[in-house]
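Next come the chains, spelled out residue by residue.
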Amino acid sequence: MKNLSHFLWSIFVVVLLFLLDVNTFAVELAEATNIKDNVGGIYKVGALEEGGKFYHDRQYTITRIPKEFLGLTHILVSADCPGGQKWKLTFEIDRSAFVYMAWDSRHKRPEERGQNPKGWVKKGFTDTDKVLFLDKPHAPTEYWIYKSIKPYLKGQVEIPGIDEVVGDPVLMWTLFLEAGKLAVDAEEKLTTTWSKIKENH
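A short tour of the structure in this document, coming up. (Residues numbered from 1 in each chain as written. Predicted model: local features only at pLDDT ≥ 70, side-chain atom pairs only at ≥ 80, totals over all residues. Heavy atoms only, no water.)

### Things to note about the overall build of the protein
In step 1: Looking only at helices and strands, the protein has 3 helices and 12 strands in total.
In step 2: Within the span of the protein, comprising 201 residues, buried residues form 40% of the whole.
In step 3: Taking contacts inside the protein between residues at least 6 apart in sequence as the whole, the part at least 24 apart equals 75%.
In step 4: With the model as given, the accessible surface of the protein reaches about 11600 Å², and the carbon-plus-sulfur share is 57%. (Helix = DSSP H or I, 4+ residues; strand = E, 2+ residues; numbered from the N terminus. Buried < 20%, exposed > 50% of the residue type's maximum accessible area, 1.4 Å probe, protein only. Contact = heavy atoms within 4.5 Å. Areas by Shrake-Rupley, 256 points an atom, 1.4 Å probe, with all protein chains shown as cover.)

### Considerations on the side chain of His74
In step 1: Its location among the elements puts His74 in strand S4 (residues 73–76).
In step 2: When its relative accessible area of 1% is taken as the criterion, His74 is described as buried.
In step 3: Discounting chain neighbours no more than four positions away, the residues touching His74 are Lys44, Val45, Gly46, Ala47, Leu48, Lys53, Phe54, Ile62, Thr174, Leu175 and Phe176.

### Here we look at the nonpolar core
In step 1: Among the nonpolar cores identified, the biggest contains 46 residues, and Leu89, Phe91, Val99, Ile159 and Trp173 are the most heavily contacted of them.
In step 2: Those elements that place two or more of their residues in this core are strand S1 (32–37), strand S5 (89–93), strand S6 (97–104), helix H2 (120–124), strand S8 (125–135), strand S9 (141–148), strand S10 (155–159) and strand S12 (173–179).
In step 3: Sort the elements by how many residues they give to this core and S6 lands first, with 7 residues.
In step 4: With near-sequence residues (within four places) excluded, Trp173 lies in contact with Phe54, Tyr55, Val77, Cys81, Trp87, Leu89, Met101, Ala102, Trp103, Tyr143 and Ile159. (Core = buried A, V, L, I, M, F, W, Y, C linked by side-chain atoms within 4.5 Å.)

### Focus: the sheet that holds strand S2 (residues 44–47)
In step 1: Pairing within the open sheet is antiparallel, and its 7 strands lie in the order S2-S4-S12-S6-S9-S8-S3. Pairing within the sheet leaves two strands with one partner each, and these edge strands are S2 and strand S3 (61–63). For this sheet, the mean inter-axis angle between neighbouring strands, taken without regard to orientation, is 35°.
In step 2: Direction of pairing for S6 relative to S9: antiparallel, over a ladder of 5 bridges. Within S9, the residue paired with Ala102 across the bridge is Ile145. (Pairing = 2+ DSSP bridges. Axes fitted to C-alpha atoms, helices over the stretch in contact; angles between N-to-C directions.)

### Examining the packing of aromatic side chains
In step 1: Per the stated rule, a full pass over the model turns up 8 aromatic pairs.
In step 2: Aromatic ring contacts, followed pair by pair, group Phe54, Tyr55 and Tyr143 into a single cluster.
In step 3: Just above the ring of Trp144 sits the side chain of Arg109; from NZ or CZ to the centre is 4.0 Å.
In step 4: The ring of Phe98 carries the charged tip of Lys147 above its face, separated from the ring centre by 4.3 Å. (Phe/Tyr/Trp six-rings, centres within 6.5 Å; stacked < 30°, edge-to-face > 60°. Lys NZ or Arg CZ within 6 Å of the ring centre and 35° of its normal.)

### Structural notes on the environment of Leu76
In step 1: With respect to the helices, strands and loops of the structure, Leu76 is situated in strand S4.
In step 2: For Leu76 and Tyr55, which are 21 residues apart along the polypeptide, the C-alpha to C-alpha distance reads 5.5 Å.
In step 3: Here Leu76 is in contact with Ile42, Tyr43, Lys44, Val45, Gly46, Lys53, Phe54, Tyr55 and His56, once residues within four sequence places are set aside.

### Thoughts on the pattern of salt bridges
In step 1: The full count for this structure, using the stated rule, is 8 salt bridges.
In step 2: The salt bridge involving Arg58 is made with Asp57; its shortest N-O contact spans 3.5 Å.
In step 3: A relative accessible area of 27% places Arg58 in the partly exposed class.
In step 4: Classification of Asp57 as partly exposed rests on a relative accessible area of 30%.
In step 5: A salt bridge links Arg58 to Asp80, with the shortest nitrogen-to-oxygen separation between them at 3.2 Å. Within this pair, whereas Arg58 is found in the loop between S2 and S3, its partner Asp80 is found in the loop between S4 and S5, the two being separated by 22 residues in sequence.
In step 6: The class of Asp80 is partly exposed, set by a relative accessible area of 45%.
In step 7: Each member of the salt-bridge network shares a partner with another, and the members are Glu28, Asp94 and Arg95. (Salt bridge = Lys/Arg side-chain N within 4 Å of Asp/Glu carboxyl O.)

And the structure:
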């Protein structure tokens, strides 16, 4: 009887995997488009790669990237990326996604800077306790990695105003995206799959 139970469970798992969309197990990348701020800044999209460009307009490299982030969608900002209380960045994503921000450790942490609206960093993001580096030909410089607490829904993402670094009118940061689904998505997927199983029995 025990062997029969194991056999039936194995059959159930095989059927479940067959009925699920293969995309469930594929690595999905979030696509970012229509990236713009309200002061005419320039932004480009690439892949987060070890030794790749940190800023799109400098030869500085990005290194010591935690392996779980390699290959994610990278929004490359300018080394002269502006900021300030009135600055705002928006872009479109083709699926729900977590937003990561990496900030220069030589300056104030983002949650300690002036923000508009006040406190948006702490309300929407958390410090991952992980870092990556701005590197050659620049001296190796640690950047703190922050992650959005919840995935942003498909559509427009807005990054609100935040103070520039002291002594220089720039933000000193970069962004990348990780496709992520809300709990309701998983629940709907499971419900659909279970319905298919019952239809076939």
